[in-house]
Amino acid sequence: DGFAANPFIDGPGGNDDSVWAYGLRNPFRARWDEEYGQFYIAEVGGNQQLIAHDDLHIGGLDQPGVFYGWPFYEGTPDTYVNAGQSTDDPNAFPLPDGDIGDPANGDFYSTPIWSLDHQGQSASLTGGEVYRGDVFPDEWDGVYFYGDYTRDYIRYLVLDDTGTQVLGDFAFKPS
């Protein structure tokens, strides 16, 4: 048993042996949630205000070699945002397939589980974490709290029982 091997370890030279996955742009905050067994990664999107998205990805120790889409794709569904910024061919990378990466079955592209559309204005998803405390009411156990630095708010996402799907996005209004 144990964890999957890192596909980028090749000894001296070549790949950077510390890489586990790739395709993230400025991942602002990342947190493990032990109960769901997920690693939540919040990243800010590109600078094209009309098409940019900030994304929430999940990862895990069973996802070596996963590609999260940058610099070619952002958001849900995977919106093509490259517009010539990268000289690389997007077809040389794993292509979007609308689900979370599953390297054990040959699926190396991982779509975000949620995205914040810039809608033509500034945004800055500042990732939070899945709440597991006892200060707030029980209905907030297992929700993902996040902030947006430029829009000046805190909100939360209700997740399914596995922590892999977002069921709703709500304003944080403590009673």
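Data block above holds the structure.
Residues numbered from 1 in each chain as written. Predicted model: local features only at pLDDT ≥ 70, side-chain atom pairs only at ≥ 80, totals over all residues. Heavy atoms only, no water.

Here's the deal with the overall build of the chain
The secondary structure content of the chain amounts to zero helices and ten strands. Of the regular secondary structure in the chain, the N- to C-terminal order runs β-β-β-β-β-β-β-β-β-β. Relative to its length of 175 residues, the chain is compact, with a C-alpha radius of gyration of 17 Å against a globular reference of 16 Å. Referenced to the eigenvectors of the C-alpha coordinate spread, the extents of the chain come out at roughly 55 × 45 × 25 Å. Burial analysis of the chain (175 residues in total) assigns 43% to the buried set. Summing over all exposed atoms, the chain offers an accessible surface of approximately 9,600 Å²; the carbon and sulfur share of this is 51%. (Helix = DSSP H or I, 4+ residues; strand = E, 2+ residues; numbered from the N terminus. Rg over C-alpha atoms; globule rule 2.2 N^0.38 Å. Buried < 20%, exposed > 50% of the residue type's maximum accessible area, 1.4 Å probe, protein only. Areas by Shrake-Rupley, 256 points an atom, 1.4 Å probe, with all protein chains shown as cover.)

Some points on the sheet that holds strand 3 (residues 53-59)
Paired through backbone hydrogen bonds, the strands of a sheet run either parallel or antiparallel to each other. Judged by pairing direction, the sheet is antiparallel, and its four strands sit side by side in the order 1-2-3-6 without closing on themselves. Of all strands in the sheet, those bounded by a partner on one side alone are strand 1 (27-33) and strand 6 (114-117). In this sheet, adjacent strand axes meet at a mean angle of 15° when their direction is disregarded. Relative to strand 6, strand 3 is paired through four bridges, and the arrangement is antiparallel. Within strand 6, the position partnered with Leu56 by the bridge is Trp114. (Pairing = 2+ DSSP bridges. Axes fitted to C-alpha atoms, helices over the stretch in contact; angles between N-to-C directions.)

Topic: the side chain of Gln63
Among the structural elements, Gln63 can be located in the loop between strand 3 and strand 4 (73-74). The exposure class assigned to Gln63 is buried, which follows from its relative accessible area of 5%. A distance of 2.9 Å separates a polar atom in the side chain of Gln63 from the backbone nitrogen of Gly60. One polar contact links the side chain of Gln63 to the main-chain carbonyl oxygen of Gly101, over a distance of 2.8 Å. Not counting the four nearest positions on each side in its chain, Gln63 is found in contact with Trp20, Ile58, Tyr68, Ile100, Gly101, Pro103 and Ser110. (Polar contact = N/O pair within 3.5 Å; in protein donor to acceptor, adjacent residues only side chain to side chain. Contact = heavy atoms within 4.5 Å.)

Quick word on empty space enclosed by the protein
In total, this model carries one cavity of 30 Å³ or more according to the counting rule given. Along the walls of the largest cavity sit Arg25, Glu43, Val44, Gly45, His53, Asp54, Asp55, Trp70, Tyr73 and Glu74, which together make up its complete lining. Of all the secondary structure elements, the ones that give two or more residues to the lining of the largest cavity are strand 3 and strand 4. Here the lining of the largest cavity gets three residues from one element, more than from any other, and that element is strand 3. A breakdown of the residues in the lining of the largest cavity according to their chemical character gives three nonpolar, two polar and five charged. (1 Å grid on protein atoms, 1.4 Å probe; cavity = no way out; pocket = protein on both sides within 12 Å on 5 of 7 lines; lining within 4 Å. Points joined across faces, edges and corners; volume = space filled by probe spheres on them. Nonpolar A, V, L, I, M, F, W, Y, C, P; charged D, E, K, R; others polar.)

Quick word on the environment of Val166
Tracing the chain through its elements places Val166 in strand 10 (residues 166-171). Separated by 120 residues in sequence, Val166 and Gly46 have C-alpha atoms that sit 22 Å apart. Ignoring sequence-local partners within four residues, the contact set of Val166 consists of Ile113, Trp114, Leu157, Val158 and Leu159.

Regarding the nonpolar core
General note: in soluble globular proteins, nonpolar side chains tend to be found buried as a group. Tyr40, Leu56, Trp114 and Tyr144 are the most contacted members of the largest nonpolar core, which totals 15 residues. Looking at this core, the elements with two or more residues in it are strand 2 (38-43), strand 3, strand 6, strand 7 (125-130), strand 8 (144-148) and strand 9 (153-159). Excluding anything up to four places from it in sequence, Tyr144 contacts Tyr40, Ala42, Leu56, Gly127, Gly128, Glu129, Val130, Arg155, Tyr156, Leu157 and Leu159. Residues Trp140, Val143, Phe145 and Tyr156 belong to the second largest nonpolar core, which totals five residues. (Core = buried A, V, L, I, M, F, W, Y, C linked by side-chain atoms within 4.5 Å.)

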